[in-house]
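Each chain, written out:
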Amino acid sequence: MTSTRKVLNWIGMGLFVLLGVAATIPLFLIIIDIYSKGIDAINRLGGLWHFLTSEPPSPLSKSGGVGPPLIGTLYMTALGAIGGFALGFPLGVYIGEMRREKLANAARVGVNVLVEFPTITIGLFVYAVMGLVQDDLNRYILGPVSATLKAALGNSVFYNYVSWFVGPLDSFNAYAGAAALALVMIPYVALITASAYASVAQPLREAAYGIGGREFNALFIVMRKVVSRAVLTAALIGTAKIAGETAPLLFTAFGNNYYAPFTGSTGAVSLWIYAASETPYNVQIMSAYGAAAVLLTIILILFISARIKAIHD
Amino acid sequence: MFFIKAYPIFAREGFAMFLQTEWDPGAQKYGVLQALVGTMLTSVVAIALAMPMAIGVAVTINEVLPSRLRTIFGSLVDLTATMPTVLFGLWGFYVLGPFLQNAVNTLAGGAVMTSPSTLFTASVLLAIMVTPYAAAVIREGYALVPKAVEEAIYGVGATRLEAVLLKLRYVISYVLGGFFLALGRAMGETVAVAMVVGGNYAHLTTNLFQSGITISSLIALQFGNARFYTYAEPALFAAALLLAIFGIAINTAAIYLIQKWQP
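These remarks concern the structure in this document. Note that the structure is a prediction, hence the values are computed from the model and not measured. (Residues numbered from 1 in each chain as written. Chains lettered and ligands numbered in written order. Predicted model: local features only at pLDDT ≥ 70, side-chain atom pairs only at ≥ 80, totals over all residues. Heavy atoms only, no water.)

Further remarks concern the overall build of chain A. When helices and strands are tallied, chain A shows 12 helices and 0 strands. Structurally, chain A occupies a C-alpha span of about 75 × 60 × 35 Å along its principal axes. Across the 313 residues that make up chain A, the buried fraction comes to 48%. Of the roughly 14,800 Å² that chain A leaves accessible, carbon and sulfur atoms contribute 69%. Looking at chain A, you have 19 positive and 14 negative side-chain charges, and the mean spots of the two groups are 11 Å apart. (Helix = DSSP H or I, 4+ residues; strand = E, 2+ residues; numbered from the N terminus. Buried < 20%, exposed > 50% of the residue type's maximum accessible area, 1.4 Å probe, protein only. Areas by Shrake-Rupley, 256 points an atom, 1.4 Å probe, with all protein chains shown as cover. Lys, Arg positive; Asp, Glu negative; His and termini not counted. Charge placed at Lys NZ, Arg CZ, Asp CG, Glu CD.)

Bringing the overall build of chain B into the picture now. Within chain B one finds 11 helices and 2 strands. If you list the helices and strands of chain B from N to C, you get α-β-β-α-α-α-α-α-α-α-α-α-α. Projected onto its principal axes, the C-alpha coordinates of chain B cover approximately 70 × 45 × 25 Å. A sequence separation of at least 24 residues applies to 71% of the contacts in chain B between residues at least 6 apart. Of the roughly 10,400 Å² that chain B leaves accessible, carbon and sulfur atoms contribute 65%. Distance between charge centroids for chain B: 4 Å, based on 13 positive and 11 negative side chains. (Contact = heavy atoms within 4.5 Å.)

Now for the environment of Glu150(B). You can see Glu150(B) is positioned in helix H6 (residues 147–155). On the basis of relative accessible area, Glu150(B) is assigned to the partly exposed category, the value being 22%.

Turning our attention to the layout of surface pockets. Estimated volume of the second largest pocket: approximately 530 Å³. Lining the second largest pocket we find 22 residues, and of these Leu250(A), Phe254(A), Tyr274(A), Ala220(B) and Gly224(B) sit closest to its centre. Going through the elements one at a time, helix H11 (269–277) of chain A together with helix H10 (215–226) of chain B are the ones with two or more residues in the lining of the second largest pocket. For the lining of the second largest pocket, the residue count by class is 14 nonpolar, 5 polar and 3 charged. (1 Å grid on protein atoms, 1.4 Å probe; cavity = no way out; pocket = protein on both sides within 12 Å on 5 of 7 lines; lining within 4 Å. Points joined across faces, edges and corners; volume = space filled by probe spheres on them. Nonpolar A, V, L, I, M, F, W, Y, C, P; charged D, E, K, R; others polar.)

Before going further, it helps to examine the nonpolar core. In terms of nonpolar packing, the biggest core is built from 143 residues, with Ile273(A), Leu87(B), Leu168(B) and Ile219(B) touching the most fellow members. With 15 residues, helix H12 (residues 282–312) of chain A is the largest single contributor of residues to this core. Core analysis: the next-biggest nonpolar cluster, separate from the first, contains 11 residues, Phe89(A), Val200(A), Ala208(A) and Val227(A) among them. (Core = buried A, V, L, I, M, F, W, Y, C linked by side-chain atoms within 4.5 Å.)

Next up on the list: the interface of chain A and chain B. Each partner contributes to the interface: chain A provides 63 residues, whereas chain B provides 68 residues. Taking both partners together, chain A and chain B bury about 5,600 Å²; carbon and sulfur atoms supply 76% of that area. Between the two partners, chain A and chain B, sit 2 salt bridges. Across the pair Arg307(A) and Asp78(B) runs a salt bridge whose closest N-O atoms are separated by 2.9 Å. The interface formed by chain A and chain B includes 7 residue pairs in polar contact (both at pLDDT 80 or more). With 22 residues, helix H1 (residues 3–44) of chain A is the single largest residue contributor to the side of chain A that touches chain B. Partitioned by chemical class, the residues of the side of chain A that touches chain B number 45 nonpolar, 10 polar and 8 charged. (Buried area = accessible area lost by both parts, 1.4 Å probe. Salt bridge = Lys/Arg side-chain N within 4 Å of Asp/Glu carboxyl O. Polar contact = N/O pair within 3.5 Å; in protein donor to acceptor, adjacent residues only side chain to side chain.)

Our next topic: H1(A). The first and last C-alpha atoms of H1(A) sit 60 Å apart over 42 residues, in line with the 62 Å expected at 1.5 Å per residue. Following H1(A) by one or two positions, Gly46(A) has its phi on the positive side, about 120°. (Expected span 1.5 Å × (residues − 1).)

This brings us to helix H7 (residues 174–198) of chain A. Residues and elements named next belong to chain A. Its 25 residues give H7 an end-to-end C-alpha distance of 36 Å, which sits within 8% of 36 Å, the value for a rise of 1.5 Å per residue. Taking the largest bend as the criterion, H7 deviates by roughly 25°, centred on Met185, and proline Pro187 comes between one and four positions later. The buried fraction of H7 is high, at 18 of 25 residues. At the N-terminal boundary of H7, the capping side chain belongs to Asn173, with an oxygen 2.9 Å from the backbone nitrogen of Tyr175. (Bend = angle between axes of the 7 residues up to and from the residue.)

Attention now goes to unusual backbone geometry. Residues and elements named next belong to chain A. The phi dihedral of Phe254 falls on the positive side, at around 75°, and the residue is not glycine. Positionally, Phe254 belongs in the loop between helix H10 (224–243) and H11. For Phe254, a relative accessible area of 37% corresponds to the partly exposed category.

All names here are of chain B. At a minimum axis distance of 8 Å, the contact between helix H3 (residues 67–82) and helix H5 (residues 119–142) shows a crossing angle of 130°. The angle between H3 and H5 places the two elements in the oblique class. Classified by chirality, the crossing of H5 by H3 is left-handed. Facing H3, whose interface residues are Gly74, Val77, Thr80 and Ala81, H5 presents Ile128, Pro132, Tyr133 and Arg139. Looking at side-chain class alone, the contact of H3 with H5 contains 5 nonpolar, 2 polar and 1 charged residues. (Axes fitted to C-alpha atoms, helices over the stretch in contact; angles between N-to-C directions. Parallel < 35°, antiparallel > 145°, perpendicular 65-115°, else oblique. Left-handed = near helix turned anticlockwise from the far one by under 90°.)

Under the criterion given, the structure shown has 9 salt bridges over all chains. Across the pair Lys37(A) and Asp33(A) runs a salt bridge whose closest N-O atoms are separated by 3.1 Å. With Lys37(A) and Asp33(A) both in helix H1, this residue pair falls 4 residues apart, about one helical turn. The shortest N-O distance in the salt bridge between Lys147(B) and Glu150(B) comes to 3.9 Å.

Each pair of aromatic rings is reported with the distance of its centres and the angle of its planes. A full pass over the atoms with the stated rule returns 9 aromatic pairs over all chains. Note on Tyr127(A) and Phe172(A): the rings are 6.3 Å apart at their centroids and 25° apart in plane angle, and the pair reads as stacked. Of the two residues, Tyr127(A) sits in helix H5 (residues 119–153) while Phe172(A) sits in the loop between helix H6 (159–165) and H7, which places them 45 residues apart along the sequence. Assigned by exposure class, Tyr127(A) and Phe172(A) land together as buried. Between Phe172(A) and Phe254(A), the ring centres sit 4.4 Å apart and the planes meet at 20°, which makes this aromatic pair stacked. With Phe172(A) in the loop between H6 and H7 and Phe254(A) in the loop between H10 and H11, this residue pair connects regions lying 82 residues apart in the sequence. One aromatic cluster is present, formed by Tyr127(A), Phe172(A), Phe254(A) and Phe237(B) through successive ring pairs. The aromatic ring of Tyr133(B) is capped on one face by Arg185(B), whose charged end is 4.1 Å from the ring centroid. (Phe/Tyr/Trp six-rings, centres within 6.5 Å; stacked < 30°, edge-to-face > 60°. Lys NZ or Arg CZ within 6 Å of the ring centre and 35° of its normal.)

Let us now look at the side chain of Glu189(B). All names here are of chain B. Counting through the fold element by element, Glu189 comes out in the loop between helix H8 (172–188) and helix H9 (191–196). For the buried Glu189, which has no salt bridge, the nearest side chain bearing the opposite charge is Arg185, at an N-O separation of 5.9 Å. Reaching out from Glu189, the side chain makes a polar contact with the backbone nitrogen of Ala192 at a distance of 3.5 Å. Once residues within four sequence positions are removed from consideration, Glu189 is found in contact with Thr85, Leu126, Met129 and Ser216.

Written out as structure tokens, the structure reads:
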């Protein structure tokens, strides 16, 4: 090996490593920035518990928090994650395990396109659908259902919860937000489930079908061991992804600073960060940083538990 | 769905709205060309910055690091992809923007970049955000280089660098696939861009160092008051339709490139 090639080798590889490291540095900078300013902000706005439970500060107030947005984020993320997983997982099994069917191929292409789709268009789509179905939904389904529920519950303590959780719906509501989040999550879960099932060793698959049980048993009992890790990771990371999503919520949940029914516009931590960070008021910018610290903590918990699970098995 | 919602503006303006550069609902002007140009500019610059980093990440993980560090480094890159975009936006608005403004103005020796929130800030932020997506695709391809090919490359006495370059060429369709996926991401990214792009939706600019607008951030920033004007909402749906068509076209290209290579 001539020395020029040796030197070139060093320079080239060094450049690659430098670029690779450069790609991860912003991550550290962001985490440090958010925690250093965020924790300070939380302390100055009235301590952790106060911050987690109280309403966002108005421009003139001295303290405040992210209570309503936090509840909204947790509620919509939970619903979105359940919906996303409930639809994404079977779709993934279908794409991954029944590859030879014509429709499976179409579904795979569709999912592949959808997973990289601009999330704001998903939000707009749900907004448009909501605009179409809202009247009919309220008149024919949610109206009667909530009336019946209210009649049945009488004057028990649950009476008020009907209009909080069931309906009738406003044009912006938590369920539209959750639906948009679920639409973001479905393709992600489906793709990872599909690739997990596709990676099952062929002999194991033949053995699973060969013992003569139903296809259901082969898919969900025998092969479960192989795919469970990847699927669980997908569910956790997918949840982390949608917990921080903002764009799909802009026109579906809309945002709200007060404890309010989920049937009307609902706040989310990400929406509050977006709204508050561009105000000229210092107290709101501080609360945006505090909210960012809270959101980052949620994401990190989900992400790290997914990683630990992956390393453990 | 988007077409139905956008129909009123098409009926009124035809496709000319994509060629006009003024967005002023009060004066009934709904041009989105400036946003289209902004989207193109930011995503092209972002990709130009992101692709070298993505290749760097893939090579670092697959070639340089020992297997234990490999997992950790890989997790860090994945975390960058999982981070909420609004946190990138927050950081970009308060830290990256002012930093870039300082840096650019010092380097140029004058007030070239007049505001911390410009198309350039958005491009740099986008580059950071889309790198993990491109890197993931390239890594996936990289792992598919057959052992025999790898041994052959080293067998003829190639250095590490030469081997890396050869392998990258071997999986070129994955590199291109990653390129298109990242491009699609960059075009569609909304909130982070809306926070740092400057929100100049009124006029066309091709100067990277000025405030601008992109399609997705136009939708995010203008949808709130769109309902006060008859044609603003249809116009935004038309813009979304454009975005969706771009998204489908680019992602289909990426998927085609990646799948073509698979046996």
